[in-house]
Amino acid sequence: MAMALRCFRHLPSLLYRSSLATVRGLPQAPAGCPALLLDGCRQCVHQMLLSRQLATKKAKGKGQTQARVNISAALVEDIINLEETNEDMQAVVEALKEDFSRNLSVRTSPGALDHIIVVTKDGKFPLNQLAQISQKSPQLIIVNMTDFPESTAAATKAIRESGMNLNPEVDGTIIRVPIPKVTREHRESLAKLAKQSTNKSKEALRKVRSKSVNQVKKFKNKVSEDTIWLLEKQIQQMADGAAAEMDKLLAAKTKELLG
């Protein structure tokens, strides 16, 4: 009975340190330590928590909710930088958000043309670095290529192939860009582009996830199989969260475009 009381007294602090148990080498349980009573032994806590996580994994497909894995980044920094992985995934989400904002608007504005990439013999440049862009009227945008006249043809091609349904007209070093009427067909075209951009972003996200998982697998002979599984699980959860954000962005943009 005294041993049982000691075990329950240590239980809160042991559970608090449970993340340590999933990633650090732990001593074997001392002789006589009853696993279910946890007599101050972190190894027992580790086995209990891990068993629950593995049981959850095995329960997949049976209608049960999977437990989230949350390993402290500081405890696995020698294996992988989880914070950096998360930042890389969020960068993909932010890039998609910026693409939606700049290039997939029902109303075309001068700012929408700023970052169209122009391929020249000297390299690739944003249009606003080669031209002066202004709005002549609600129906017309003017792109002045006076500073880089040799790039006029390349700029015209870039505008036409931007996916913004624009048909530029060249007059010397001046490119006139009529703003198309907002038709149902145009809205649907933009919605398709939004879907394509989302798919490309998800592919970039998968590459970040695969790179991180491969990094973890390099340590499969140095750390336990359970630790590798837990890390892979957390990386997948991070990727799933980023993909869910993309789906929400796409849903909102599609609703905006189609009205």
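Keep in mind that what you see is a predicted model, and the values were worked out from it rather than measured.

Let us now look at the packing of helix α4 (residues 82–103) against helix α9 (residues 225–258). For the pair α4 and α9, the least separation of the axes is 10 Å and the interaxial angle reads 10°. Here α9 runs roughly parallel to α4, going by the angle between their axes. Residues L82, T85, N86, M89, Q90, V92, V93, L96, K97 and F100 of α4 pack against L231, Q234, I235, M238, A239, A242, E245, M246, L249, L250 and K253 of α9.

The terminal C-alpha atoms of α4 lie 32 Å apart, and with 22 residues this matches the ideal 32 Å at 1.5 Å per residue to within 8%. Among the residues of α4, those classed as buried are L82, T85, M89, V92, V93, L96 and F100. The arc enclosing the buried residues of α4, seen along the axis, measures out at 95°, which places them on a common side. With respect to the buried face of α4, the exposed residues turned more than 90 degrees away are E83, E87 and S101.

All right, on to the sheet that holds strand β6 (residues 174–178) then. Sheet strands line up and pair through hydrogen bonds in the backbone, either parallel or antiparallel. The sheet built from four strands is open, its strands ordered β3-β4-β6-β5 with antiparallel pairing. Either end of the sheet is taken by a strand with one partner, and the two such strands are β3 (132–137) and β5 (169–171). Averaged over all pairs of adjacent strands, the angle between strand axes in this sheet comes to 25°, irrespective of strand direction. Pairing of strand β4 (residues 140–144) with β6, which is carried by five bridges, proceeds in the antiparallel orientation. If you follow I141 over to β6, its bridge partner there is V177. Lying on the sheet, helix α7 (residues 152–160) is in contact with β4, β5 and β6; it crosses β6 at an angle near 10°.

Let us look at the environment of V170. Inspection of the secondary structure assignment puts V170 in strand β5. Residues within four places of V170 in sequence aside, it is in contact with T152 and T156.

Calculation criteria
- Residues numbered from 1 in each chain as written.
- Predicted model: local features only at pLDDT ≥ 70, side-chain atom pairs only at ≥ 80, totals over all residues.
- Heavy atoms only, no water.
- Axes fitted to C-alpha atoms, helices over the stretch in contact; angles between N-to-C directions.
- Helix = DSSP H or I, 4+ residues; strand = E, 2+ residues; numbered from the N terminus.
- Parallel < 35°, antiparallel > 145°, perpendicular 65-115°, else oblique.
- Contact = heavy atoms within 4.5 Å.
- Expected span 1.5 Å × (residues − 1).
- Buried < 20%, exposed > 50% of the residue type's maximum accessible area, 1.4 Å probe, protein only.
- Arc of directions from axis to C-beta.
- Pairing = 2+ DSSP bridges.

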